[in-house]
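Structural description and commentary
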Amino acid sequence: MTHIDYLLHLGDNALILGQRNAQWCGHGPALEEDLALANNSLDLLGQARLLYQHVAALKKDGKTSEDLLAYWRDVPDFRNYTLLELPHSLALHPGASAERDYAVTIGRNFLYSALMVLVWQALTASRDAQLAAIAAKSLKEASYHLQHARDWLVRLGDGTELSHARMQAALAHLMPYTQEFFSPSAVERAAVKGGVAADTAQLQADWIRIVDDALHAATLERPSGAGFVSTGKTGVHSEHLGYLLAEMQSLARAQPQAVW
Amino acid sequence: MARRTPQDRYFEVWELLEAVCDPEIPVVNLREMGILRAVRSTAQTLEVILTPTYNGCPAVDQMHDDVASTLARAGLAASVRTCIAPAWSSDWLTPQAHDKLRHYVIAPPGACAASGQQLYVLQFAPINRAADAYQTAACPRCGSENTTCTSPFGSTACKALYRCLDCAEPFDYFKPY
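One structure accompanies this document, and this report is about it. All of these numbers come straight from a predicted model, not from anything done at the bench. Note that residues are indexed from 1 along each chain, following the sequence as it is written. Each chain gets a letter, beginning with A, and each ligand a number, beginning with 1, in the order they are written. It should be noted that, the model being predicted, local features are given only for residues of pLDDT at least 70 and side-chain atom pairs only at 80 or more, the latter also being counted only at that level, while totals for whole chains, interfaces and linings use all residues. Side-chain descriptors were evaluated using all non-hydrogen atoms of the structure, hydrogens and water having been removed beforehand.

1. A word on the overall build of chain A
Applied cut-off: Secondary structure elements are taken from DSSP: a helix is a run of H or I of four residues or more, a strand is a run of E of two residues or more, and numbering for both begins at the N terminus. For this measure, only C-alpha atoms enter the radius of gyration; the expected value for a globule follows 2.2 Å times N^0.38, where N is the number of residues. Buried means the residue's accessible area, taken with a 1.4 Å probe over protein chains only, is under 20% of the maximum for its type, while exposed means over 50%, and partly exposed covers the values in between.
A count of helices and strands for chain A gives 10 helices and 0 strands. For chain A, the C-alpha radius of gyration of 18 Å lies close to 18 Å, the compact-globule estimate for 260 residues. Here the C-alpha coordinates of chain A stretch approximately 55 × 40 × 30 Å along the principal axes. Across the 260 residues that make up chain A, the buried fraction comes to 55%.

2. Some remarks on the nonpolar core
One recurring pattern in soluble globular proteins: nonpolar side chains tend to sit buried together. All names here are of chain A. What counts, and what does not: To define a nonpolar core, start from buried Ala, Val, Leu, Ile, Met, Phe, Trp, Tyr and Cys residues and group those joined through side-chain atoms within 4.5 Å. Any two residues whose heavy atoms approach within 4.5 Å are treated as being in contact.
Tyr 6, Trp 120, Leu 123, Leu 153 and Trp 207 are the most contacted members of the largest nonpolar core, which has 75 residues in total. Per element, the largest residue contribution to this core is 15 residues, and it comes from helix H4 (residues 102-123). Those residues in contact with Trp 120, other than ones at most four positions away along the chain, are Gln 47, Leu 51, Ile 134, Ala 135, Ser 138, Leu 139 and Ala 142.

3. With respect to the layout of surface pockets
The criterion, for reference: Grid points spaced at 1 Å over the protein atoms alone were grouped into cavities, where a 1.4 Å probe fits but cannot get out, and pockets, open sets with protein on both sides within 12 Å along at least five of seven lines, with lining residues defined by an atom within 4 Å of a point. Grid points are joined across faces, edges and corners, and a volume is the space filled by probe spheres set on the points. When residues are sorted by character, Ala, Val, Leu, Ile, Met, Phe, Trp, Tyr, Cys and Pro go into the nonpolar class, Asp, Glu, Lys and Arg into the charged class, and all the rest, Gly among them, into the polar class.
Of the pockets and cavities examined, the largest pocket occupies roughly 1100 Å³. Of all the secondary structure elements, the ones that give two or more residues to the lining of the largest pocket are helix H1 (2-22), helix H2 (31-59), helix H3 (66-71) and helix H5 (129-157) of chain A together with helix H2 (60-73) of chain B. Looking at the lining of the largest pocket residue by residue, the classes come out as 19 nonpolar, 9 polar and 5 charged.

4. Focus: the sheet that holds strand E3 (residues 79-82) of chain B
Note: strands within a sheet are paired through backbone hydrogen bonds, in either parallel or antiparallel orientation. Residue and element names in this part refer to chain B. To keep it simple, the criterion reads: In short, DSSP must find at least two bridges between two strands for them to pair. Under this scheme, a helix contributes an axis fitted over its contacting stretch, all axes are lines through C-alpha atoms, and angles between N-to-C directions fall in the 0 to 180 degree range.
Spatial ordering of the open sheet is given by E1-E2-E3, a layout of 3 strands whose pairing is mixed. The sheet terminates laterally at strand E1 (36-41) and E3, the two strands that pair on one side only. With direction set aside, neighbouring strand axes in the sheet form an average angle of 20 degrees.

5. Structural notes on the pattern of salt bridges
Applicable threshold: Salt bridge, as used here, is a side-chain nitrogen of Lys or Arg placed within 4 Å of a carboxyl oxygen of Asp or Glu.
A full pass over the atoms with the stated rule returns 13 salt bridges over all chains. We note a salt bridge from Asp 12 of chain A to Arg 73 of chain A, for which the minimum N-O separation is 2.6 Å. With Asp 12 of chain A in helix H1 and Arg 73 of chain A in the loop between H3 and H4, the pair connects residues that are 61 residues apart, well separated along the chain. The pair Asp 12 of chain A / Arg 73 of chain A is uniform in exposure class, with both members buried. A salt bridge links Asp 213 of chain A to Arg 150 of chain A; the nearest nitrogen and oxygen atoms lie 2.8 Å apart. Here Arg 150 of chain A lies in helix H5 and Asp 213 of chain A lies in helix H9 (residues 200-217), a separation of 63 residues in the sequence. We classify Asp 213 of chain A as partly exposed; its relative accessible area is 46%. What makes Arg 150 of chain A partly exposed here is its relative accessible area of 21%. Where salt bridges share partners, they join Arg 40, Glu 47 and Arg 81 of chain B into one cluster.

6. Remarks on H9 of chain A
All names here are of chain A. Applied cut-off: Each helix should span, by expectation, one fewer than its residue count multiplied by 1.5 Å. Fitting axes to the seven residues that end at a residue and to the seven that start at it, the angle between those axes gives the bend at that residue.
Between its first and last C-alpha atoms H9 spans 25 Å; for 18 residues at 1.5 Å apiece the expected length is 26 Å, and the two agree. Approximately 30 degrees is the largest bend angle found in H9, and it occurs at Asp 206. Where H9 is buried, its residues touch H4, H5, helix H6 (161-174), helix H7 (179-182) and helix H8 (186-193). Of the residues one or two after H9, Thr 219 is the one with positive phi, at around 55 degrees.

7. Comments concerning the packing of H4 of chain A against H6 of chain A
All names here are of chain A. Note the cut-off: Just so you know how the angles are binned, under 35 degrees is roughly parallel, over 145 roughly antiparallel, 65 to 115 roughly perpendicular, and the rest oblique. Put simply, a crossing is left-handed when the front helix is turned counterclockwise from the back one by less than a right angle, and right-handed when it is turned clockwise.
For the pair H4 and H6, the least separation of the axes is 8 Å and the interaxial angle reads 55 degrees. Judged by the inter-axis angle, H4 sits oblique to H6. The element H4 and its partner H6 pack so that their crossing is right-handed. Listed contacts from H6 to Tyr 102, Ala 103, Val 104, Gly 107, Arg 108 and Leu 111 of H4 are Arg 166, Met 167, Ala 170, Leu 171 and Leu 174. Considered class by class, the residues forming the contact of H4 with H6 number 8 nonpolar, 1 polar and 2 charged.

8. Observations regarding the interface of chain B and chain A
Note the threshold: Summed over both partners, the accessible area (1.4 Å probe) lost when two parts come together is defined as the buried area.
Taken together, the contact between chain B and chain A spans 32 residues of the former and 28 residues of the latter. In total, about 2700 Å² of surface goes out of reach between chain B and chain A, with carbon and sulfur atoms giving 59% of it. Contact with chain A buries surface across chain B, with Asn 55, Ile 84 and Phe 153 of chain B losing the most and accounting together for 29% of the total. For the pair chain B and chain A, the interface holds 0 salt bridges.

9. Considerations on the pairing of strand E6 (residues 159-164) of chain B
Residues and elements named next belong to chain B. Strand direction decides the pairing type here: strand E5 (residues 147-151) and E6, joined by 4 bridges, are antiparallel. Among the inter-strand pairings, Ser 151 is bridged to a residue of E6, identified as Leu 161. Judged from the 5 bridges that link them, E6 and strand E7 (residues 170-174) form a sheet pairing that is antiparallel. Among the inter-strand pairings, Arg 163 is bridged to a residue of E7, identified as Pro 170.

10. Considerations on unusual backbone geometry
The linkage connecting Ala 85 of chain B with the following residue, Pro 86 of chain B, adopts the cis geometry, with an omega of -5 degrees. Turning to its location among the elements, Pro 86 of chain B is positioned in the loop between E3 and helix H3 (95-103). A positive phi angle, near 50 degrees, is found at Lys 60 of chain A, a position not held by glycine. Mapping Lys 60 of chain A onto the fold places it in the loop between H2 and H3.

Given below as structure tokens:
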């Protein structure tokens with residue numbers, strides 16, 4: 001059971017961030033960025049699908065499916081990092097679409113992708129063969145996601161006074177949520193012990209190195225990131241996840257018998 | 001009517017599937033793309049193995065259906081399976097696929113990084129900045145190496161958008177994966 005919870009943690013990360021990044025579709029600051037985030041989102045949805053399919057195959061209960069997991073679970077069942085459900089703005093206001101801030105989008109994608117290239121790399125050695133196979137593919141995509149986010153981080157940081165200030169503010173806002181990456185939950189501890197999961201505590205030094213290298217190139221300071229440690233991966237979420245799920249799940253729930 | 005042996009069916013399947021092309025890039029077939037991996041033919045079963053490219057590739061279900069329907073039309077009932085390990089790599093594209101891509105005005109992918117430690121990335125130089133590490137793609141129209149990347153994400157997830165600085169035409173670059 002705990003191994004499945006770990007797979008859901010990985011799958012939910014991908015689904016929730018995929019859903020968030022897709023919100024830029026049609027609203028990107030430039031056409032190339034609209035395409036970039038749509039492709040990024042598509043990659044993440046593909047990863048979520050593979051992980052959910054794997055969970056369904058493991059559960060073998062005749063009713064768990066990728067659709068059930070994506071559309072019919074509620075907020076406390078989701079195991080994603082709180083960082084990934086946050087809106088694209090500094091103001092903690094779920095409806096503020098006019099205040100979408102691309103620096104927050106880029107900052108979040110950078111911090112998460114920097115972690116995931118390390119996590120996927122570690123998971124290629126997982127005792128779960130299917131997870132190792134998913135990791136080998138996802139690593140390639142995460143590398144491109146990291147490169148895209150890093151490039152923009154550097155352009156915005158080492159850009160104009162305004163872009164520098166906004167990028168710095170975005171990082172200060174996001175950094176405390178990364179504490180959750182490195183404080184292992186009971187689910188993670190058990191899955192690491194079983195040789196299935198990646199031990200993020202072991203990856204923290206490398207993550208800091210990737211982050212500091214990029215911040216240096218971007219002429220940005222690493223914010224302290226201290227403060228409240230978020231708990232999304234244990235099912236205790238911020239107020240934002242409810243709104244995100246309501247939108248994402250509304251069609252499936254309105255038409256439960258629909259077939260694509 | 002002569003009954004086909006498993007071996008007859010094996011060769012017949014490969015021949016039939018030469019006609020099944022990538023839905024996004026209709027000049028290369030699935031074998032040339034390295035997507036069609038294996039055919040297993042025994043007295044009782046007929047199985048075709050595909051390896052999808054990107055996780056979110058929207059064409060994978062279409063490819064699945066195309067393979068199944070092509071074989072069904074020839075009276076062959078095959079089960080089509082996807083296998084994700086070993087992970088698909090753009091290194092699997094055949095030399096013929098490279099030529100066909102170029103002819104279709106898509107620059108074929110460079111070789112992936114050799115070492116397992118390295119990340120399979122293109123290095124994109126920020127605009128107006130000296131390039132640190134930059135993977136050049138030759139223009140498939142005029143052959144010039146004097147090209148620049150407009151965006152790492154092009155018309156599909158697998159392609160980046162480039163521009164030739166000599167003939168000034170844009171082109172897609174198939175990313176190393």
